[in-house]
2 protein chains.
Amino acid sequence: MRDINQFTITEAVKKSFRTEEGSRFKFLLESLIDHLHDYTRETNLTHEEWMRVLMFLYDCGKISTPERHEFILLSDVLGFSALVDMINTRGGATEGSNLGPFYLDNAPRKPLGADLAGPRQGVSVLCHGVVRDTLGHPIPGAIVDTWQADGSGTYPIQEEGQDKYDLRGLFEADDQGRYYYTTILPKPYTVPYDGPVGELLRAGDRHSWRASHLHYMIRAEGMRGIVTEVFFENTEYVDNDAVFGVRRSLIAKLEPYKAAKAGDFPLERQPDAMINFDFVLAPGD
Amino acid sequence: MRDINQFTITEAVKKSFRTEEGSRFKFLLESLIDHLHDYTRETNLTHEEWMRVLMFLYDCGKISTPERHEFILLSDVLGFSALVDMINTRGGATEGSNLGPFYLDNAPRKPLGADLAGPRQGVSVLCHGVVRDTLGHPIPGAIVDTWQADGSGTYPIQEEGQDKYDLRGLFEADDQGRYYYTTILPKPYTVPYDGPVGELLRAGDRHSWRASHLHYMIRAEGMRGIVTEVFFENTEYVDNDAVFGVRRSLIAKLEPYKAAKAGDFPLERQPDAMINFDFVLAPGD
């Protein structure tokens, strides 16, 4: 290895990892080493720039906590998260979109028709639709797990003194695969920009706003679950979301509430508006 | 941006950064986004793998301190540091090698001929040579800043109760460009392997040993300074150093000490062995 140079070092590093021939780990690692080294050679990276990159990662580590994961945020603003969502979307299924940092895996189970907003201020909206498979058949019993920001763009989990399970609900689709509940329209909010990723955004003259959205995790027995977001037509940032979460197929239309059109659901609260959004799951592996 | 897909997202992310046209920042950032996205597409990275990568970075951040920089270590074991050293070596100059984590910018100034080892156990060795420019002319007054591990592979800075300035010295070359001092031979040591990078090494069935070496930072008025390491022929790990620091041109030969051959220097301590290593600096920018 004493004879390595800037061209042969890449193979030397790959060989130093004695990983299982043909394994996924070997493939991921070797491709990573190739890209890292190609990047370094193509840019003729200086020592100062190299140290800047490493200090940036160090600073991301320092500001991170279990509730504030700066590396996920970095992945988000570089479109890495969105790209992973895109390539993992199955044909015919609803497109995936950002999980984000606020998911809780033990959201309270709620009956269909429940209201998630309670006394909160905002535009009350009925969210309804059908969970189907890729052949168009409804999936009775599908689980619709949702979470969202409030009418000022804040998640209850972000504010002291609030119940972190507020504005969350886990619903079971009825025998026609239908889900329905009321909530308030969430508002846009900024991703955290007081850390290294915020500095990066400012250096690139980028804003930190997310288009307003509802988060969904949908799953059903024997089907491949999806994590996605639903956005609203004609709302702010829907064309320049800071984390590249919006897809045309994920934009829902807000309409005035009409019971007849909605399907005459039994609702806990009378809504002002409604959106209709169907989810499609592909078969599991 | 609502129409982005897994192929068009890369341009969309690049465009979102409104960086100065033709700037170095724009070039570095866009090339990074290209490689990151190409990697993701080429590997069809799953959500689980994506999260694994982000948690790995998170864990590197958590174990890092100003004294334990896990991202530099990661850069080292992936050959990223060595590659940056290689591409920044100027033609004709001594090849660069790892700075490592133990450099101190205020090492004690010592007179030529001084001994760095004091009462420490080990093989006493004379280190001597000439600092030259790329035309072969000696550089009187060149600064030779050196630091090293002891005879058991430990840097004094790593052990409580030891003087962190031990086994360090900053020498000024004489009017013939010569430097000379005695010390003890350092031993091989392992890079820290109790963190995420250690896990990576184990996953790749790699050892964590560095070939024994002396660190040098050489500088002189009007010249481009270098950071490098000097290794020893026929010592352990010189052909499979964990951080890819060894180059053939940086391997010195250990010989029995002979005053006449060395140059008959005035020495504070009579050495057992000697190495002769000349440094070459290229002109500054």
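Parameters at a glance
- Residue positions are counted from 1 within each chain, in the order its sequence is given.
- For naming, the first written chain is A and the first written ligand is 1, with later ones following in the order written.
- At least 70 in pLDDT is required for a residue's local features to be given in this predicted model, at least 80 for side-chain atom pairs to be given and counted, and no such filter applies to totals for whole chains, interfaces and linings, which use all residues.
- Hydrogen atoms and water are omitted, and side-chain values are computed over all heavy atoms in the structure.
- UniProt positions are given in the numbering used here, feature names are shortened, and annotations may be inferred rather than shown by experiment.
- The helix count covers DSSP runs of H or I at least four residues long, the strand count covers runs of E at least two residues long, and both are numbered beginning at the N terminus.
- Throughout, exposure labels follow a simple rule: accessible area from a 1.4 Å probe, protein chains only, divided by the maximum for the residue type, with under 20% read as buried, over 50% as exposed, and the rest as partly exposed.
- Only when DSSP finds a minimum of two bridges between them are two strands counted as paired.
- Using a 1 Å grid laid over the protein atoms alone, points where a 1.4 Å probe fits but cannot get out form a cavity; open sets with protein on both sides within 12 Å along at least 5 of 7 lines form a pocket; any residue with an atom within 4 Å of a point counts as lining.
- Grid points are joined across faces, edges and corners, and a volume is the space filled by probe spheres set on the points.
- When residues are sorted by character, Ala, Val, Leu, Ile, Met, Phe, Trp, Tyr, Cys and Pro go into the nonpolar class, Asp, Glu, Lys and Arg into the charged class, and all the rest, Gly among them, into the polar class.
- Superposing copies: least-squares fit, C-alpha atoms only, residues required to have pLDDT of at least 70 in both.
- The contact definition used throughout considers only heavy atoms, calling two residues in contact when any of these lie within 4.5 Å.
- Summed over both partners, the accessible surface that disappears when two parts come together, traced with a 1.4 Å probe, is what is meant by buried area.
- By definition, a salt bridge exists where a carboxyl oxygen of Asp or Glu is found within 4 Å of a side-chain nitrogen of Lys or Arg.
- Counted as a polar contact is a pair of N or O atoms within 3.5 Å, where, for protein atoms, one must be capable of donating a hydrogen and the other of accepting one, and residues adjacent in sequence contribute only when both atoms are in side chains.
- Domain ranges listed in this record stem from an automatic or a database domain assignment.
- Ring geometry is summarised as follows: Phe, Tyr and Trp rings, the Trp one being its six-membered ring, pair when their centres sit within 6.5 Å, and such pairs are stacked at plane angles under 30 degrees, edge-to-face over 60 and tilted between the two.
- Counting as a charge over the ring demands two things of the Lys NZ or Arg CZ atom: a distance within 6 Å of the ring centre and an angle within 35 degrees of the ring normal.

S.K.: Describe the UniProt feature "domain: Catechol dioxygenase N-terminal" (unreviewed entry) in chain A, and please don't skip the residues or the numbers.
M.R.: When the UniProt feature table is mapped to this numbering, "domain: Catechol dioxygenase N-terminal" (unreviewed entry) covers residues 24-90 of chain A. Between the C-alpha atoms that bound residues 24-90 of chain A the distance is 21 Å, and the span itself is 79% helix and 0% strand.

S.K.: Quick one: what's the story with the pairing of strand β7 (residues 213-219) of chain A, residue by residue and with numbers?
M.R.: Residue and element names in this part refer to chain A. By the criterion of burial, β7 is predominantly enclosed, with six of the seven residues buried. Taken together, the six bridges between strand β2 (residues 143-148) and β7 define a ladder with antiparallel strand orientation. In the sheet register, Trp147 faces β7, and the bridge partner there is His215. Alignment of β7 against strand β8 (residues 226-232), held across six bridges, turns out to be antiparallel. The residue bridging His215 from the neighbouring strand is Glu229, located in β8. What sits between the antiparallel neighbours β7 and β8 is a turn of six residues, in which Gly222 has the positive phi angle 80°.

S.K.: Can you tell me about the pairing of strand β1 (residues 124-133) of chain A, naming the residues and giving the values?
M.R.: All names here are of chain A. Buried residues dominate β1, accounting for nine of its ten residues. Bridge count between β1 and strand β4 (residues 178-184): seven bridges; the pairing is antiparallel. Across the sheet, the residue bridging to Val130 is Arg178, located in β4. Across four bridges, the pairing between β1 and strand β11 (residues 273-276) is parallel. Its bridge partner lying in β11, Leu126 is registered against Met274. Sheet analysis places β1 next to strand β12 (residues 279-281), joined by three bridges and oriented parallel. Bridging from a neighbouring strand, Asp133 pairs with Leu281 of β12.

S.K.: A description of the layout of surface pockets should follow, citing residues and the corresponding values.
M.R.: Each pocket or cavity is described by its volume, and for the second largest pocket that value is around 1200 Å³. Lining the second largest pocket are 43 residues, with Met51 of chain A together with Leu99, Gly100, Pro101 and Tyr103 of chain B positioned closest to its centre. Residue assignment for the lining of the second largest pocket shows that the elements contributing at least two residues are α3 (47-63) of chain A together with α4 (70-77), α5 (80-87), β5 (189-190) and β8 (226-232) of chain B. For the lining of the second largest pocket, the element with the highest residue contribution is α3 of chain A, accounting for five residues. Its residues assigned to classes, the lining of the second largest pocket comprises 21 nonpolar, 13 polar and nine charged.

S.K.: Explain empty space enclosed by the protein to me, and be specific about the residues and the numbers.
M.R.: Under the definition given, this model contains one cavity of 30 Å³ or more. The space that makes up the largest cavity amounts to roughly 30 Å³. Among the residues making up the lining of the largest cavity, the classes are represented as five nonpolar, two polar and two charged.

S.K.: Got a sec to walk through the relation of the copies chain A and chain B? Specific residues and values, please.
M.R.: Overlaying chain A with chain B gives an RMSD of 0.1 Å, the required rotation being 180° about an axis along which the chain moves by 0.0 Å. Taken together, the rotation and translation relating the two chain copies correspond to the operation of a two-fold axis. Taking C-alpha positions as reference, the residue of chain A nearest the rotation axis is Gly61 of chain A, located at 1.9 Å. An overlap of 100% is found between the interface residues of chain A and their copies at the interface of chain B, pointing to a shared contact surface.

S.K.: Describe the sheet that holds strand β9 (residues 251-252) of chain A, and please don't skip the residues or the numbers.
M.R.: Spatial strand order, β3-β2-β7-β8-β9 (chain A): five strands in an open sheet with mixed pairing. Of all the strands in the sheet, the pair left with one neighbour each is β3 (168-172) and β9 of chain A.

S.K.: An account of the interface of chain A and chain B is needed here, citing residue identities and associated values.
M.R.: If you look at the interface, chain A gives 77 residues, while chain B gives 77 residues. With both chains or domains summed, chain A and chain B bury close to 7500 Å², and 64% of this area falls on carbon and sulfur atoms. The interface formed by chain A and chain B contains ten salt bridges. Here Asp239 of chain B makes a salt bridge to Arg2 of chain A, at a shortest N to O gap of 3.0 Å. Where chain A packs against chain B, one counts 37 residue pairs in polar contact (both at pLDDT 80 or more). Looking at the side of chain A that touches chain B, the elements with two or more residues in it are α1 (9-16), α2 (24-43), α3, α4 (70-77), α5 (80-87) and α6 (196-203) of chain A. No other element matches the 17 residues that α2 of chain A contributes to the side of chain A that touches chain B. For the side of chain A that touches chain B, the class distribution of residues is 38 nonpolar, 22 polar and 17 charged.

S.K.: Give me the domain arrangement of chain A: which residues, what numbers.
M.R.: Here chain A is partitioned into domain 1 (1-45) and domain 2 (80-281). A separation of 41 Å is found between the C-alpha centroids of domain 1 of chain A and domain 2 of chain A.

S.K.: Hey, could you go over the sheet that holds strand β2 (residues 143-148) of chain B for me, with residue numbers and the actual values?
M.R.: Sheet architecture is open: five strands sit in the order β3-β2-β7-β8-β9 (chain B), paired in mixed fashion. With partners counted over all chains shown, the strands left at the sheet margins are β3 (168-172) and β9 (251-252) of chain B, one partner each.

S.K.: Tell me what's going on with helix α6 (residues 196-203) of chain B, and back it up with residues and numbers.
M.R.: By the burial criterion, the buried members of α6 of chain B are Pro196, Val197, Gly198, Leu200 and Leu201 of chain B. Against the buried residues of α6 of chain B lie α2 of chain A together with α3 (47-63) and α4 of chain B. Phi turns positive, to about 55°, at Asp205 of chain B, one or two residues after α6 of chain B.

S.K.: An account of the packing of aromatic side chains is needed here, citing residue identities and associated values.
M.R.: Within the structure shown, the criterion is met by 23 aromatic pairs over all chains. Relative to Tyr181 of chain A, the ring of Phe171 of chain A has its centre 4.8 Å away and its plane inclined at 10°; by these criteria the two rings are stacked. Of this pair, Phe171 of chain A sits in strand β3 while Tyr181 of chain A sits in strand β4, placing them ten residues apart in sequence. Each member of the pair, Phe171 of chain A together with Tyr181 of chain A, is buried. Through successive ring pairs, a cluster of aromatic residues spans Phe171, Tyr179, Tyr181, Tyr216, Phe277 and Phe279 of chain A. Against the face of Tyr58 of chain A rests Lys62 of chain A, its NZ or CZ located 5.4 Å from the ring centre. The ring centre of Phe17 of chain B lies 4.5 Å from the NZ or CZ of Arg206 of chain A, which sits over that ring.

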